[in-house]
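# Examination of the molecular architecture
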Amino acid sequence: MNDIKHKLEQFQVSRAIHKMNAIQNEEQAQQNEDEGEEENRLKQQIEHEKQNYTEYYLALKKLKVEIEHIKNMLSKNRRQIQLDFETWWQQKQSSKHVITGDEIADENIAEFYKMRDEILKKL
């Protein structure tokens, strides 16, 4: 975009110099008209570049909002997974079932561990 602006400035300076130094004749009038057309073309190109910049800026701004939303969701899900794991782990630690194959024996053993934990908590 700066390159286009620089070219536009060059044409404007060139045109001003030609107007100051030259005598108005048909050849110079045609040259000035051509330079005017080039100047208009460059101005239109600058406007087009500005429009493209604005469109891309707005698209990136929208993407930034979406990315922030996804980051927040990931963070929330990470915390939830951690909490779920900790809950599961505590349940696994608190249930000390010994599987002997005998249901009554397993219940008695589980009750023993439960009573033992209660006694240890009181101490």
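What counts and how
- Residues numbered from 1 in each chain as written.
- Predicted model: local features only at pLDDT ≥ 70, side-chain atom pairs only at ≥ 80, totals over all residues.
- Heavy atoms only, no water.
- Patch = residues over 30% accessible without salt bridge, like charges linked within 9 Å, V, L, I, M, F, W, Y side chains within 5 Å.
- Areas by Shrake-Rupley, 256 points an atom, 1.4 Å probe, with all protein chains shown as cover.
- Salt bridge = Lys/Arg side-chain N within 4 Å of Asp/Glu carboxyl O.
- Helix = DSSP H or I, 4+ residues; strand = E, 2+ residues; numbered from the N terminus.
- Buried < 20%, exposed > 50% of the residue type's maximum accessible area, 1.4 Å probe, protein only.
- Phe/Tyr/Trp six-rings, centres within 6.5 Å; stacked < 30°, edge-to-face > 60°.

## Focus on a nonpolar patch on the surface
Taken together, Tyr53, Tyr57 and Leu58 make up a surface patch of nonpolar side chains, about 370 Å² in accessible area. Positionally, Tyr57 belongs in helix 2 (residues 26–94).

## A closer look at the pattern of salt bridges
A complete count under the given rule lists 4 salt bridges for this structure. The partner of Arg41 in a salt bridge is Glu38, with the nearest N and O atoms 2.4 Å apart. Of this pair, Arg41 and Glu38 are both found in helix 2, 3 residues apart, which corresponds to roughly one turn of the helix. For Arg41, a relative accessible area of 42% corresponds to the partly exposed category. Note that Glu47 and Lys50 form a salt bridge whose closest N and O atoms lie 3.7 Å from each other. Note that Glu47 and Lys50 are positioned in helix 2 at a spacing of 3 residues, about one turn of the helix.

## Here we look at the packing of aromatic side chains
Enumeration according to the criterion identifies 2 aromatic pairs in this entry. Judged by centre distance (6.3 Å) and plane angle (20°), the ring pair of Tyr53 and Tyr57 falls under stacked. With a gap of 4 residues between them, Tyr53 and Tyr57 both fall in helix 2, about one helical turn apart. The class of Tyr53 is exposed, set by a relative accessible area of 57%.

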